[in-house]
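Below are the chains, spelled out letter by letter.
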Amino acid sequence: MSASLSTVFADSGLLLFRVKELEEQQSVFRNSLVCAFNQLLDLKDISTGVHSTRLAEWAIRVARKLNIPEEDMYQVEVAALLHDVGKVGVPDAILKKQGPLTSEERALINRHPEYSWSILRLFPDLEGASLYALHHHENIDGTGYPAGLKGNDIPLVSRIVSVIDAYDAMISNRCYRKGLPHTEAVHRLLESSGSQFDIEVVHTFIPIAEQERADVFAAAGTSTSAAL
Ligand SMILES: [Fe+2]
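Residues numbered from 1 in each chain as written. Predicted model: local features only at pLDDT ≥ 70, side-chain atom pairs only at ≥ 80, totals over all residues. Heavy atoms only, no water.

Visitor: Honestly, the coordination of the iron ion in this entry has me stumped. Any pointers?
Guide: In ideal tetrahedral geometry, four donors around a metal make angles of 109.5 degrees, whereas ideal octahedral geometry with six donors gives angles of 90 or 180 degrees. Donor atoms from the polypeptide that coordinate the iron ion comprise Asp84 (OD), His112 (NE2), His136 (NE2) and His137 (NE2), at 2.1 to 2.2 Å from the metal. With 4 donor atoms in place around the iron ion and angles of 85 to 175° between them, the coordination shape is irregular. Summarised as a motif, the one-chain spacing of the donors to the iron ion is D-x27-H-x23-H-H. You can see Asp84 sitting in the loop between helix 3 (73–82) and helix 4 (92–95) and its partner His137 sitting in the loop between helix 7 (127–134) and helix 8 (156–171), a full 53 residues away along the chain. In this structure Asp84 comes out as buried when scored by relative accessible area, which is 6%. (Donors = N, O, S within 2.8 Å, 3.2 Å for Na, K, Ca; no water. Tetrahedral: all angles 85-135°; square planar, octahedral: opposite > 155°, others 65-115°. Helix = DSSP H or I, 4+ residues; strand = E, 2+ residues; numbered from the N terminus. Buried < 20%, exposed > 50% of the residue type's maximum accessible area, 1.4 Å probe, protein only.)

What follows is the structure in structure tokens.
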């Protein structure tokens with residue numbers, strides 16, 4: 001091999017190494033941003049009941065069962081963690097209001113998926129997650145928001161986030177109300193399957209929720225029937 005050719009190979013090897021290094025730095029930076037925004041949601045008390053990482057675990061487990069490619073799992077995880085980040089754009093007085101909302105207040109809250117999208121799309125390489133967040137309040141029958149998408153026009157990950165988020169909200173205790181029992185939450189998911197929720201996603205998620213509940217009770221040394 002001539003000296004100039006080996007110099008070219010050495011240079012390209014160095015360049016590839018540098019590109020890899022920059023990609024890793026960007027990935028670390030992006031993960032830090034995701035963690036920081038997740039922390040922001042906790043501080044603003046916007047996260048729902050279970051720890052947000054639990055929500056991400058559920059989303060990933062459902063996504064795997066529904067054959068979403070492994071390379072998309074980071075987008076799934078971030079969508080599960082940060083789909084409600086746009087709520088930082090809604091005044092606390094409206095977000096945490098305990099009485100009925102006026103139509104203006106409801107309209108403002110309903111902007112939060114668009115706000116989430118506008119924040120997440122600014123992160124490096126999170127176009128997928130930003131799109132999934134944008135559509136996490138669409139309903140299968142087209143009555144959701146912001147776009148009124150129907151059925152499979154709604155991204156699958158958005159349909160997953162919609163189900164696990166609703167379940168989590170139902171079982172979580174709030175200062176003004178006690179969370180629903182697991183069985184009632186499952187009943188409501190099933191009842192709204194095909195109108196609000198994707199039937200396949202609901203049926204994929206229920207065994208995961210059942211297992212989780214059994215594990216929690218097993219760890220606590222109590223019977224699941226005690227909490228029904
Ligand atoms: Fe939301």
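Visitor: Quick question: what am I supposed to make of the packing of aromatic side chains here?
Guide: Enumeration according to the criterion identifies 4 aromatic pairs in this entry. Plain terms: the ring middles of Phe37 and Phe123 are 5.0 Å apart, the flat faces sit at 65° to each other, and that makes the pair edge-to-face. Of this pair, Phe37 sits in helix 1 (residues 3–43) while Phe123 sits in the loop between helix 6 (112–120) and helix 7; the two residues are 86 residues apart in sequence, bridging distant segments of the chain. For Phe123, a relative accessible area of 6% translates into the label buried. Grouped by ring-pair contacts, the aromatic residues Trp58, Tyr167 and Phe205 constitute a single cluster. (Phe/Tyr/Trp six-rings, centres within 6.5 Å; stacked < 30°, edge-to-face > 60°.)

Visitor: Explain the pattern of salt bridges here, please?
Guide: For side chains of opposite charge, pairing can occur when their charged atoms come near one another. On inspection of all chains with the given rule, the structure shows 9 salt bridges. Residue Glu212 is joined to Arg54 by a salt bridge in which the shortest nitrogen-to-oxygen separation is 2.7 Å. Placement of the pair is Glu212 in helix 10 (residues 199–220) and Arg54 in helix 2 (residues 52–65), with a sequence separation of 158 residues. Judged by relative accessible area, which is 13%, Glu212 ranks as buried. The exposure class of Arg54 is partly exposed, given its relative accessible area of 30%. Among the ionic pairs, Arg64 bridges to Glu70, the shortest N-O distance being 2.5 Å. (Salt bridge = Lys/Arg side-chain N within 4 Å of Asp/Glu carboxyl O.)

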